[in-house]
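Examination of the molecular architecture
The chain contents come next:
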Amino acid sequence: MATERLSEAGAALRRARDRYRAILAERNVAMLLGAGVVSELGDWFNTVALISLSFLISDSALGVGGMFAARMLTRLLAQGPAGTLVDRHAGRGLLFASQMAMAIVAASFALLVLVPALWILYLLVILLEAVNCIARPAFMAELRAEAPEDQRAAANGALFASATTAQLVGPPLGALALGWSGPVVVFAINGVTFLTVAFVVARLSGGLRGSPRGRPAAGPAGQDALPGGEERLGYRWLLRRQDLTLYILVCLSLALLVQATITLFVVRSYALGFGDGGVGLFYAAVAAGSVTGSVIAGARAQHAAPLYPAAVAMGVCAAALAVFGAAAAAAIAIVALIVAGFATDFYEVVGLTYFQGTVPDAVYGRFFSVFLLALSAGALVGAIVGPILESALGVATSLAVLAAPAAALALLLLIMSKRWTGLDRGLSG
């Protein structure tokens with residue numbers, strides 16, 4: 001019996017290896033994935049330098065908070081229109097232009113060394129985030145188009161795993177670079193990362209005017225048709241899909257729970273006897289689970305009911321974070337965070353892969369923008385609600401209260417996912 005299980009596990013590992021080998025053998029996909037890692041590292045370099053510079057210019061933590069608020073508000077205001085722009089002007093040209101614009105803005109942060117004005121810092125932050133709202137869905141749309149349909153899960157898994165790894169490596173490397181050379185060099189490095197992505201896009205097979213394999217050349221903007229011959233309705237059409245709307249609602253509620261948990265990391269760290277050092281350990285535990293979840297989700301074959309495993313993982317994530325808040329033993333808390341990290345990346349990779357196969361090209365940029373908006377809005381509310389609830393209810397009760405609606409919505413998604421069949425499920429009249 002044990003021998004059979006080992007044999008099955010070995011076969012599963014070989015299948016996973018073969019799937020990732022296959023996707024990395026796709027030249028354009030491999031180039032985009034590599035560019036994505038470079039860009040993610042550059043973003044963390046930029047964040048580290050901005051935190052330091054915001055504090056120095058304002059001489060208080062309020063300046064840092066204002067910088068993050070400017071980024072978040074810009075994202076919430078600009079992401080919707082950016083998704084529409086990506087859909088109407090989809091292609092490598094838009095992705096290339098957005099990366100070039102971000103390189104210019106990122107390099108412009110060096111002006112703050114000569115003119116240390118807080119309003120200039122906020123203006124540049126807003127500009128960079130506004131362009132990034134275009135760049136992210138444009139990048140995902142191109143990656144989706146380049147990856148063969150049966151290998152999209154592996155592409156998503158590789159992207160999420162590498163992004164998590166960059167989040168682990170980027171901040172310490174950025175801090176080292178900042179201490180060694182100062183902010184000018186760090187901002188310059190960030191600009192170079194965006195230039196690197198632009199260079200990679202230009203070097204894709206077929207150049208900037210080329211079309212990915214299997215995708216016809218784009219017609220006039222806005223002329224794509226949706227299934228059933230319906231005229232494209234953009235966000236209205238998307239939000240009429242029950243599968244998408246329910247998935248996004250669960251994502252939002254979980255983003256709220258996750259951010260609330262992060263704001264309470266330091267409280268749990270002291271309660272479990274770690275002191276200040278526990279926060280870093282908690283992040284490492286989440287990252288370890290996240291990388292594993294991404295890899296495993298990406299290695300999966302297409303499921304008969306693709307949202308079913310995503311819904312299960314969503315429920316597991318909510319339960320794990322509630323356990324983290326209530327755990328009396330440090331080991332249980334760490335394991336709960338590993339499980340939560342695993343479940344988070346698992347449901348995101350599975351869910352995005354599912355919608356890549358069911359959302360038409362004409363509205364994919366808007367779909368991904370809705371996904372990003374849900375994560376941003378949830379995180380913003382969670383950062384505020386978490387500490388407020390904790391002061392009134394304590395950590396354990398607060399996280400349990402926040403986990404309850406996420407778990408309930410995940411259960412509803414699980415039940416409903418068994419009923420939806422066909423490409424157009426979830427559309428109302």
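Just so you know, these numbers come straight off a predicted model, no measurement behind them.

Let us now look at the packing of helix α13 (residues 307–326) against helix α14 (residues 330–358). In contact at an axis separation of 8 Å, α13 and α14 are set at 155° when each is read in the N-to-C sense. By the angle between their directions, the pair α13 and α14 is classed as roughly antiparallel. In terms of crossing hand, the pair formed by α13 and α14 is left-handed. When its residues are assigned to classes, the contact of α13 with α14 shows 23 nonpolar, two polar and no charged.

Right, let's get into the packing of helix α10 (residues 242–263) against helix α15 (residues 364–393). Contact pair α10 / α15: the axes reach a minimum separation of 7 Å and the direction vectors enclose 35°. Helix-helix and strand crossings are classified by hand; for α10 and α15 the assignment is right-handed. For the contact of α10 with α15, the per-class residue count stands at 18 nonpolar, five polar and no charged.

A few words on the pattern of salt bridges. With the rule as written, the count across this model stands at seven salt bridges. Residue glutamate 129 is joined to arginine 75 by a salt bridge in which the shortest nitrogen-to-oxygen separation is 3.0 Å. Note that glutamate 129 is positioned in helix α6 (residues 118–146) and arginine 75 in helix α3 (residues 61–88), a separation of 54 residues in sequence. Classification of glutamate 129 by relative accessible area gives buried; the value is 6%. Among the ionic pairs, aspartate 243 bridges to arginine 241, the shortest N-O distance being 2.7 Å. The class for aspartate 243 is buried, based on a relative accessible area of 0%. Through salt bridges that share partners, Arg71, Arg75 and Glu129 make up one connected network.

Attention now moves to the nonpolar core. Of all hydrophobic cores here, the largest spans 91 residues; its most connected members are Tyr247, Leu254, Met314 and Phe367. The element that contributes the greatest number of residues to this core is α14, accounting for 13 residues. For phenylalanine 367, the contacting residues outside a window of four places in its chain are Leu238, Leu244, Leu352, Phe355 and Val359. Core analysis: the second largest hydrophobic core is formed by 26 residues, Val48, Met102, Leu178 and Phe194 among them.

Nonpolar side chains collect at one region of the surface, where Tyr308, Val312, Val316, Val335 and Val339 lie side by side and expose about 340 Å² of accessible area between them. In terms of residues, the nonpolar patch owes the most to one element, α13, which gives three residues. Under the relative-accessibility criterion, valine 316 is labelled partly exposed at 36%.

When we look at a pair of aromatic rings, we describe it by the centre distance and by the angle of the planes. Enumeration over the complete set of coordinates arrives at 12 aromatic pairs. Where tyrosine 247 meets phenylalanine 355, the ring centres are 5.3 Å apart and the plane angle is 55°; that geometry is what we call tilted. Here tyrosine 247, found in helix α10, pairs with phenylalanine 355, found in helix α14; they are 108 residues apart in sequence, far enough to count as distant. An aromatic cluster of at least three residues, connected via ring pairs, comprises Tyr247, Tyr354, Phe355, Tyr364 and Phe367. Here the guanidinium or amino end of arginine 268 rests over the ring plane of phenylalanine 324, the centre of that ring lying 5.6 Å away.

With 23 residues, helix α16 (residues 395–417) should cover 33 Å at 1.5 Å per step; its first-to-last C-alpha distance of 33 Å lies within 8% of that length. Residue alanine 403 marks the point of greatest curvature in α16, where the axis turns by about 25°; the proline proline 405 follows within four residues. Among the residues of α16, those classed as buried are Val395, Ser398, Leu399, Leu402, Ala403, Ala406, Ala410, Leu413, Leu414, Met416 and Ser417. At its buried positions, α16 is contacted by α10, α11 (265–271), α13 and α15.

All right, on to the confidence of the model for the protein then. Per-chain confidence: the protein averages 84 in pLDDT, with 88% of residues scoring 70 or above. Ignoring residues within four places in sequence, the model shows residues 421–429, a span with pLDDT below 50, making 19 contacts including any to other chains.

About the thresholds
- Residues numbered from 1 in each chain as written.
- Predicted model: local features only at pLDDT ≥ 70, side-chain atom pairs only at ≥ 80, totals over all residues.
- Heavy atoms only, no water.
- Axes fitted to C-alpha atoms, helices over the stretch in contact; angles between N-to-C directions.
- Helix = DSSP H or I, 4+ residues; strand = E, 2+ residues; numbered from the N terminus.
- Parallel < 35°, antiparallel > 145°, perpendicular 65-115°, else oblique.
- Left-handed = near helix turned anticlockwise from the far one by under 90°.
- Nonpolar A, V, L, I, M, F, W, Y, C, P; charged D, E, K, R; others polar.
- Salt bridge = Lys/Arg side-chain N within 4 Å of Asp/Glu carboxyl O.
- Buried < 20%, exposed > 50% of the residue type's maximum accessible area, 1.4 Å probe, protein only.
- Core = buried A, V, L, I, M, F, W, Y, C linked by side-chain atoms within 4.5 Å.
- Contact = heavy atoms within 4.5 Å.
- Patch = residues over 30% accessible without salt bridge, like charges linked within 9 Å, V, L, I, M, F, W, Y side chains within 5 Å.
- Areas by Shrake-Rupley, 256 points an atom, 1.4 Å probe, with all protein chains shown as cover.
- Phe/Tyr/Trp six-rings, centres within 6.5 Å; stacked < 30°, edge-to-face > 60°.
- Lys NZ or Arg CZ within 6 Å of the ring centre and 35° of its normal.
- Expected span 1.5 Å × (residues − 1).
- Bend = angle between axes of the 7 residues up to and from the residue.
- pLDDT = per-residue confidence, 0-100.

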